[in-house]
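An overview of the molecular structure
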Amino acid sequence: MSTPLPTAYEAEFAGKVALVTGGASGIGLALSRRLAASGASVVVADYHADSARKAADELRATGAQATAVALDVTDPASVEAGVRSAVDTFGALHLAVNNAGIGGPSQPTGAYGVEDWDRVVATNLSGVFYSMRYELPALLEAGGGAIVNISSILGTNGFAGSPAYVAAKHGVVGLTKTAALEYADRHIRINAVGPGFIDTPLLRDTDGPARDHLISLHPAGRLGMSEEVAELAAFLLSDRASFIHGSYHLVDGGYSAS
Ligand code: NDP
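Residues numbered from 1 in each chain as written. Predicted model: local features only at pLDDT ≥ 70, side-chain atom pairs only at ≥ 80, totals over all residues. Heavy atoms only, no water.

1. Brief notes about the pattern of salt bridges
Our working rule: Any carboxyl oxygen of Asp or Glu within 4 Å of a side-chain nitrogen of Lys or Arg constitutes a salt bridge here.
Throughout the structure, instances matching the rule amount to 8 salt bridges. Two residues, Glu228 and Arg222, come together in a salt bridge whose shortest N-O distance is 2.7 Å.

2. Examining the packing of helix α4 (residues 114–141) against helix α5 (residues 163–183)
What counts here: Fitted lines through C-alpha atoms give the axes, limited to the stretch in contact for helices. The angle between two N-to-C directions lies from 0 to 180 degrees. Strands are runs of DSSP state E lasting at least two residues, helices are runs of H or I lasting at least four, and both sets are numbered from the N terminus onward. Should an angle fall under 35 degrees it is called roughly parallel, over 145 degrees roughly antiparallel, and 65 to 115 degrees roughly perpendicular, with every other angle called oblique. Crossing handedness follows the turn of the near helix against the far one: under a right angle anticlockwise gives a left-handed crossing, and clockwise gives a right-handed one. Any two residues whose heavy atoms approach within 4.5 Å at even a single point are treated as in contact.
Direction vectors running N to C along α4 and α5 enclose 15°, while the axes themselves pass 8 Å from each other. Considering their axes alone, α4 and α5 lie roughly parallel with respect to each other. As α4 runs across α5, the sense of the crossing is right-handed. Here α4 contributes Trp117, Val120, Val121, Asn124, Leu125, Val128, Phe129, Met132, Leu136 and Leu140 to the contact with α5, which in turn contributes Pro163, Ala164, Tyr165, Ala167, Ala168, Lys169, Gly171, Val172, Leu175, Ala179 and Tyr183.

3. A few points about the site of the ligand
As a reminder of what qualifies: Distances are taken per atom, and a residue is near a molecule or strand as soon as one of its heavy atoms is within 4 Å of it. Polar contact is defined as a pair of N or O atoms within 3.5 Å, subject to the rule that within protein one atom must be able to donate a hydrogen and the other to accept it, and that residues adjacent in sequence are counted only when both atoms are side-chain atoms. Only the protein chains shown count as cover for residues, with accessible areas throughout obtained via the Shrake-Rupley method and a probe of 1.4 Å. Three categories are distinguished: nonpolar for Ala, Val, Leu, Ile, Met, Phe, Trp, Tyr, Cys and Pro, charged for Asp, Glu, Lys and Arg, and polar for the others, with Gly belonging to the last.
Around the ligand there are 29 residues in total, and Ser25, Asn99, Tyr165, Ile198 and Thr200 lie nearest to it. At a separation of 2.7 Å, an oxygen atom of the ligand approaches a polar side-chain atom of Ser25. One nitrogen or oxygen atom from the side chain of Lys169 is found 2.9 Å from an oxygen atom belonging to the ligand. Considered on its own, the ligand offers 880 Å² of accessible surface; in the complex 91% of this is hidden by protein. Partitioning the shell around the ligand into residue classes produces 14 nonpolar, 12 polar and 3 charged.

4. A look at the side chain of Ser78
In plain terms, the rule: Think of it in three bands: with a 1.4 Å probe and only protein chains considered, a residue is buried below 20% of the maximum accessible area for its type, exposed above 50%, and partly exposed in between.
Along the polypeptide, Ser78 turns up in helix α3 (residues 76–90). Using a relative accessible area of 17% as the deciding quantity, one classes Ser78 as buried. Within the structure, Ser78 has its side chain in polar contact with the backbone nitrogen of Asp72 (distance 2.8 Å). Contact partners of Ser78, with chain neighbours within four places excluded, come to Ala70, Leu71 and Asp72.

5. With respect to α4
Residues that lie three or four places apart on an α-helix share one face, since the helix turns once every 3.6 residues. For clarity, the cut-off: What a helix is expected to span follows from its residue count: subtract one and scale by 1.5 Å. Two axes enter the definition of the bend at a residue: one is fitted to the seven residues ending there, the other to the seven starting there, and the bend is the angle between them.
Relative to the 40 Å expected for 28 residues at 1.5 Å per residue, α4 spans 39 Å between its end C-alpha atoms, a close match to the ideal helical length. Along its length, α4 reaches its greatest deviation from straightness, about 40°, at Ser126. Looking at α4, one finds that the buried residues are Val120, Val121, Thr123, Asn124, Gly127, Val128, Ser131, Met132, Glu135, Leu136, Ala138 and Leu139. At its buried positions, α4 is contacted by β1 (17–21), α3, β4 (95–98), β5 (145–150), α5 and β6 (188–195).

As structure tokens, then:
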């Protein structure tokens, strides 16, 4: 999506430091670009150092401040080091998007692999906890800030064949609400975003009838675009959302309306 940013938002995040987990691909990359375009210094935190570096290089080529951090959200020590590196590089941390996630296999609950369950929950739920665990002290140190956790439409709906993903994404919504209550009076806002199915590399193995089925779930008649999710998340991170705490916002092409 190449719609130019309205001028009013061009410097909205000037002076702010933002960390985006899974920031090198799909929704996270769109968010990294969106925040950089609005003046934030962006820390692209992703599993693979090469892809994080490539994304940070791309942002710097536009004149933005950006750095790359290789980080595994399933490993608390790695997350702690990534947050420390962000603060060391840019002096503070004000904004975070906990976006890194994986899909997992499609199997009914009674046949779902135990190791698959552990891997999906470790990434999609524990990874969000570990991230907030180390981001929140940094945000407090900075005097406040905002966090957006990327859940899913499957943070409120079930989806046959994806028990671990659905459970983890529901968990992200509850975790978001709880942390929001804990930090609302300390100048930190924490919210969750629930995208419908979005056309990203996460859906790389979904084509043909399976893709058509996903599209049919959205009254809008198409999959969403990463930029459409990034726009909502950027709003929630901004001061324009100053009274929005602990809520879960859908961007789903009407999926949940029926
Ligand atoms: P992508 O696969 O395009 O991007 C996810 C990024 O996170 C990748 O760079 C991935 O690296 C990285 N990542 C995966 N595991 C880890 C880890 N342990 N530590 C650090 N980084 C990791 O996916 P999307 O952009 O589609 O998804 C982003 C988020 O949005 C996820 O939380 C997903 O669940 C959620 N979401 C996606 C929807 C969709 O339809 N696409 C719908 C609703 C929610 P690598 O490529 O190496 O795995």
